[in-house]
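Listed below, chain by chain, are the residues.
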Amino acid sequence: MSAYTESLRSLSLAKRQEQLWLNPQAAVDDYFEEIYGPEQRIEIGWPDGIQRQRTDITRPNSAMAVGIDYGDEGKGRGADNDADMLLSRPGVKSIDVTRSAGGHNAGHTIVVNGKRLALHIIPSAVAHERSRNIIGRETSVHPEDLKSEFEDVEDKVGKGFLQGRVVVSEEAKFNHDIDRAEEVLLRLRTEGQSSGGTGRGIPTTEAHRYDRTGLSIGELTQDNWRSRLGNYYDDMERIFDSFGRDLSTSEVPDFQKTLETNEPQVRTVGTKNEFLDRVDHSREWLISQNMVQNTVAIHRESYNDPSVAQLFEGAQAMGLHPSLGKRKDVTSTDPSGYMVMNGTAVYLPQNIEYRRGYSKGRYNSVVGADWPRQLELDEETAQWIQEEAHEYGATTGRKRTILGPNITMEQLNARFSMIEGMVETHMDVAKANEKIKIAAYFVDQEGVVQHYQPGLIYQKGLIPVWVEVPGWDGEQVKNAKRIEDLPFEALQFLSFKQALTGYPIEAITTGPRRENFIELQGYR
């Protein structure tokens, strides 16, 4: 053991993470020698004697799941497993699961009773009948798509399965077809600078929250909704006309037909009356379901009731944060742990007992216009991962670009996401006798270490310093029930990644099904 790594272990966990972030290159060789050299020292999980930070202000029976890569890390699956964990605790009678950010541009896939459910706005713990699923105040909600998703779940799982268990915040933003058409128009207006989105209108919905021209879901249920939205249609029609575009014939995604055909489908916005009538249909459905409620009051009521567990499910990931992501291809809402505060107006991230960041283990993936191209894996490896892990966007169906793990990005994203522990997913996506590449840090053309900085312009021309480690048998991982069942090379990899980031690995996923989840207990 080197003097430097020994000195890191003498620090508090937070100070250790800080030193690794400030000096990402300092411990790489030493940790590699400890873990892959003769000593083969394996350390995974929470260090002995280290307590979670500020346990005195945590709310019992609570957890949050956020992504620290570029999204699609498996947060939905993890949230489902966290719901299992919380509901199994003594005294817990029910669970509130809150989706606190994003909108229909996100996608989480779970399996319920053998049925594969692709969820976009409904929280991922719907499989649990003791769950109340809250679509929080920071989300953007397209009522027609919510209705289609709700009915699709009930068609697959059973009528009445979701009745009374889905709540929409009255403060959630109203997302609609004009917003989606405007997102396409923005690509024309900005000469492609706004490209890379999903076409679900989330950027424009969020923008209209700040320019005060948009409606909330609560305002949509008021008597004057039709005149307000009709006037908005007239205003946008003039804007479209000024760019030589016809709002009524502009094409937008048709989620219902996409569900029916399993292929992306579009429709036109339609005339003002056609648009308003379509909104009215889904609006009446929302009202009939009594879905729109004051969720701040709901959260305040359950805050001091530990029999109601609390689970917060993030959307997208810190690598797409509007201020701290891979600009210019970013998301439009806050994917960090602060979504707990913004999405509830009651909880702080520090109040949450389990604050978990999700990361794909041996690789990374990204959908969008921009990505760190120097991190792309070779074509043969990338193609194998794409097929093995079905790496296609859950919302868009676009093929994801496969990258090597970016340790310095994960250090930064973990730091700013307010997490305390990590969940490494997709550990079954590996082959024995292969070499797995990890980008430990970056240097410039002169070999000087460069810190990771959000925005791809700052990575341009930088050179990743790769560390190659041995792969493992993915099939053996799929069959593992305990950490002791994992191949030794997988344990080395987890130990190395934990050492470089400084964040304890609390759990891993070993396959695509909800039972492929292993909780880790302390250091080995």
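Relevant structure appears above.
This section reports on the structure supplied with the text. Bear in mind the structure is a predicted one, so any value in this text is a computation, not a measurement.

### Section: the sheet that holds strand E18 (residues 449-450)
Strand order in this open sheet of three strands is E18-E17-E19, and the pairing throughout is antiparallel. Each edge of the open sheet carries a strand with a single partner, namely E18 and strand E19 (463-470). The pairing of strand E17 (residues 435-443) with E19 spans eight bridges and is classified as antiparallel. Residue pairing across strands places Ile 436 opposite Val 469, the latter belonging to E19. Sheet strands touched by helix H3 (residues 28-36): E17 and E19. Its angle to E19, the strand with the most contacts, is close to 5°.

### A look at empty space enclosed by the protein
The tally for this structure, following the rule as stated, stands at four cavities of 30 Å³ or more. When its volume is computed, the second largest cavity comes out at roughly 70 Å³. Lining the second largest cavity are His 142, Pro 143, Glu 144, Phe 174, Asn 175, His 176, Asp 177, Phe 275, Arg 278, Val 279 and Ser 282. Broken down by secondary-structure element, the contributors of at least two residues to the lining of the second largest cavity are helix H5 (143-157) and helix H11 (272-288).

### Structural notes on the packing of aromatic side chains
In the structure shown here, the tally under the stated rule is eight aromatic pairs. On the basis of an interplanar angle of 25° and a centroid distance of 4.9 Å, the ring pair of Phe 32 and Tyr 36 is categorised as stacked. Linking Phe 32 with Tyr 36, this pair stays in helix H3, spanning four residues, or about one helical turn. Of the residues examined, Phe 32 reaches a relative accessible area of 28% and is grouped as partly exposed. Judged by its relative accessible area of 15%, Tyr 36 falls in the buried class. A centroid spacing of 5.3 Å and a plane angle of 70° characterise the contact between Phe 150 and Trp 285, whose relative ring orientation is edge-to-face. Here Trp 285 lies in helix H11 and Phe 150 lies in helix H5, a separation of 135 residues in the sequence. A connected cluster of aromatic rings, assembled from ring pairs, spans Phe 32, Tyr 36 and Phe 496.

The rules behind these values
Residues numbered from 1 in each chain as written. Predicted model: local features only at pLDDT ≥ 70, side-chain atom pairs only at ≥ 80, totals over all residues. Heavy atoms only, no water. Pairing = 2+ DSSP bridges. Helix = DSSP H or I, 4+ residues; strand = E, 2+ residues; numbered from the N terminus. Contact = heavy atoms within 4.5 Å. Axes fitted to C-alpha atoms, helices over the stretch in contact; angles between N-to-C directions. 1 Å grid on protein atoms, 1.4 Å probe; cavity = no way out; pocket = protein on both sides within 12 Å on 5 of 7 lines; lining within 4 Å. Points joined across faces, edges and corners; volume = space filled by probe spheres on them. Phe/Tyr/Trp six-rings, centres within 6.5 Å; stacked < 30°, edge-to-face > 60°. Buried < 20%, exposed > 50% of the residue type's maximum accessible area, 1.4 Å probe, protein only.

Just geometry here; none of it tells us what the structure is for.
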